[in-house]
Amino acid sequence: MFCTRGLVFFAFPAGLDIEFTGLRSNLSGPQQISLFDLPSEWYLKTRQSVQQFTICQIGLSVFSAIEGEANKYTAHSCNFYLFPTTFGILDSEFSFQASSVQFLNQYGFNYNKFLKNGIPYMNEEQEKKIRHDILTGNWRVRSSPDKDQIKVVIDEVTRWLDLAKEGDWMTLPGITGFQAFEVQLVLRQALPNIWTVLKDEGVVVKKVSKQHRWYLQNTSCDRESCWKENILLSARGFSAFFQMLVKAQKPLVGHNMMMDLLHLHEKFFRPLPESYDQFKQNIHSLFPVLIDTKSVTKDIWKEMNFPRVSNLSKVYEVLNSDLNPTKNSGPEIVHASRCEKYVETKCPHEAAYDAFLCGSVLLKVAHLLLQKVHRIDPVPESSFPQYLDVLAPYVNQVNLIRAGVPKINFSGPDYPGIRPPILILSVKRWPGVSEQQVYHKFQNLCKFDVRRLTRSQFLLLTNKFKDARNILKEYRGHPTLCISLYRYWRHSPNVNCLLQVCGIVTAWALLAFTLGRSGP
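Residues numbered from 1 in each chain as written. Predicted model: local features only at pLDDT ≥ 70, side-chain atom pairs only at ≥ 80, totals over all residues. Heavy atoms only, no water.

Caption draft 1: Examining the sheet that holds strand β6 (residues 169-173) more closely. Reading across from one edge, β6-β8-β7 is the order of the 3 strands in this open sheet, with antiparallel pairing throughout. Here the strands that pair on one side only, and so sit at the sheet edges, are β6 and β7 (194-199). Averaged over all pairs of adjacent strands, the angle between their axes in this sheet comes to 25°, without regard to strand direction. Inspection of the sheet shows β7 paired to strand β8 (residues 202-207) by 6 bridges, in the antiparallel sense. When the sheet's bridge partners are listed, V197 is paired in β8 with V204. (Pairing = 2+ DSSP bridges. Helix = DSSP H or I, 4+ residues; strand = E, 2+ residues; numbered from the N terminus. Axes fitted to C-alpha atoms, helices over the stretch in contact; angles between N-to-C directions.)

Structure below.
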């Protein structure tokens, strides 16, 4: 179990960041993520990766307004290392992606805390199975390492019982936390003349009579029904905290947070549904107000002519620099006591630090938007409800990387984005050319997603207008690689096939009509 005491949970907004054991499965061919993908197609492909990898760290940074001080906030930042629950029938499998491990290692991620001390968690379906098994007494140790350890413990206690007298006790040292509940449950099921108590030094086993055992089970504050609930609570681990987050119904803030939301659904709520629309509905019911700082800052950066930045840390630096016209009048953010690690230390890609950056960026960008609305600086009596008002166009608009639309709308239908036109490449004198060869042909000039249309034609799509213009200009009049704008009615094989069929039918009809008129 873990403690959330001291965290001002119901303050808002709450910044969120998650680190994973991997991001993308090694998909190839039609399963590869592409700019051609509709949101539903993107979802189904990414769903496979989410099911394959797991969460290794979650960071939360909960912001609260300081009473009596205008536009001043306290940030409560916490890191949680997580590891899937291994209990009874639960024994999850997950993968590591080498590039993700290297990336986190580069920033000092502590894999020992993840693997050895990670807080357990489970989703609602797993919890139902475990609850049923525990409360009905059908629970069994399934994993081999646990079975081996339990067997050693039972053998040790059984040998001791042969020599012990009623009232004697022994201690099993080094068994703590969730494992202690598991050991006690097995011992109580296996041996009817013992009672167990968890103490600081370990699990204490006491020899008792069967009558005294019955009395303890039915009258003790440690009676079995209550004790089993404690086991379940311990097995749930971080999932109990997730439920608190859901019940709070406060704005949840992230940066490029789509993968975070997919993992939250899969690991703590329910397995991801096959239906994309059902996934959107579920997330919206869990978190009615989502704000992705990536979506917000993309628009602001264009309007303010800020320098291009590549990550969240750089966004935060720009907003704290003299380039931000509201730097001196914007919200003041201080770290809570016992959360002061980030006052002087930058820890990029540590989940709680990035969560703090998400919340800070949101407040600073919202103040910038508010200043633009009022056209005065400083803005009188700015507050978070006012910030939410100016952020309304961005609420529930979550950025989407490499897909047919730039963002997903969790509170309604997705809006088609403005993007460069699709280009068509017609290849001459290059037999057997593949999509991969076409990609490598143009990658030094610009990056396109490639999709085969016919044996000698390929569709090209980029997310940058200048790349589309450059390649049209560069390959104008090329003898073997002809590139032009794709027109559905002109280039689609289905349309061409339909037109050919219509032409044949029309020709036969005309021929029949002509022969009919020339007859006797």
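Caption draft 2: Just the confidence of the model for the protein chain, in detail. With 88% of its residues at a pLDDT of at least 70, the protein chain reaches an overall mean of 86. A low-confidence stretch, residues 1-11 stays under pLDDT 50, and its non-local contacts, those more than four residues away or across chains, total 29 contacts. (pLDDT = per-residue confidence, 0-100. Contact = heavy atoms within 4.5 Å.)

Caption draft 3: The arrangement of the pattern of salt bridges in detail. A complete count under the given rule lists 15 salt bridges for this structure. In this structure, the salt-bridge partner of R451 is D37, at a minimum N-O distance of 3.8 Å. With R451 in strand β15 (residues 449-452) and D37 in the loop between β1 (14-20) and α1 (39-52), this pair connects stretches of sequence that are 414 residues apart. Judged by its relative accessible area of 33%, R451 falls in the partly exposed class. A residue is classified by how much of its surface remains accessible, and D37, at 1% relative accessible area, is buried. K346 is paired through a salt bridge with E317; the nearest N and O atoms lie 3.7 Å apart. Of this pair, K346 sits in the loop between β11 (332-335) and α14 (351-374) while E317 sits in helix α13 (residues 312-319), and the two are 29 residues apart along the sequence. Looking at E317, the relative accessible area reads 36%, which means it is partly exposed. Taken together, the shared-partner salt bridges connect D37, K45 and R451 into one network. (Salt bridge = Lys/Arg side-chain N within 4 Å of Asp/Glu carboxyl O. Buried < 20%, exposed > 50% of the residue type's maximum accessible area, 1.4 Å probe, protein only.)

Caption draft 4: Representation of the sheet that holds strand β10 (residues 290-292). With respect to topology, 6 strands assemble into an open sheet ordered β10-β9-β1-β2-β3-β11, the strand pairing being mixed. Two strands in the sheet have a free side with no partner beyond their single neighbour: β10 and β11. Each strand axis lies, on average, 25° off the axis of its neighbour in the sheet, ignoring direction. Sheet topology places β1 next to strand β2 (residues 55-65); 7 bridges connect them, and they run antiparallel.

Caption draft 5: Quick peek at the packing of aromatic side chains. Scanning the model with the defined rule gives 25 aromatic pairs in all. A connected cluster of aromatic rings, assembled from ring pairs, spans F80, Y121, F238, F241, F242, F268 and F287. The lysine or arginine in question, R188, covers the ring of W195, its NZ or CZ lying 3.7 Å from the ring centre. (Phe/Tyr/Trp six-rings, centres within 6.5 Å; stacked < 30°, edge-to-face > 60°. Lys NZ or Arg CZ within 6 Å of the ring centre and 35° of its normal.)

Caption draft 6: Looking closely at the packing of helix α9 (residues 238-248) against helix α10 (residues 258-269). The N-to-C vectors of α9 and α10 enclose an angle of 120°; their axes lie 10 Å apart at closest approach. Taken together, α9 and α10 sit at an angle that is classed as oblique. Here α9 and α10 pass one another in a crossing that is left-handed. Facing α9, whose interface residues are F238, S239 and F242, α10 presents L264, F268 and F269. For the contact of α9 with α10, the per-class residue count stands at 5 nonpolar, 1 polar and no charged. (Parallel < 35°, antiparallel > 145°, perpendicular 65-115°, else oblique. Left-handed = near helix turned anticlockwise from the far one by under 90°. Nonpolar A, V, L, I, M, F, W, Y, C, P; charged D, E, K, R; others polar.)

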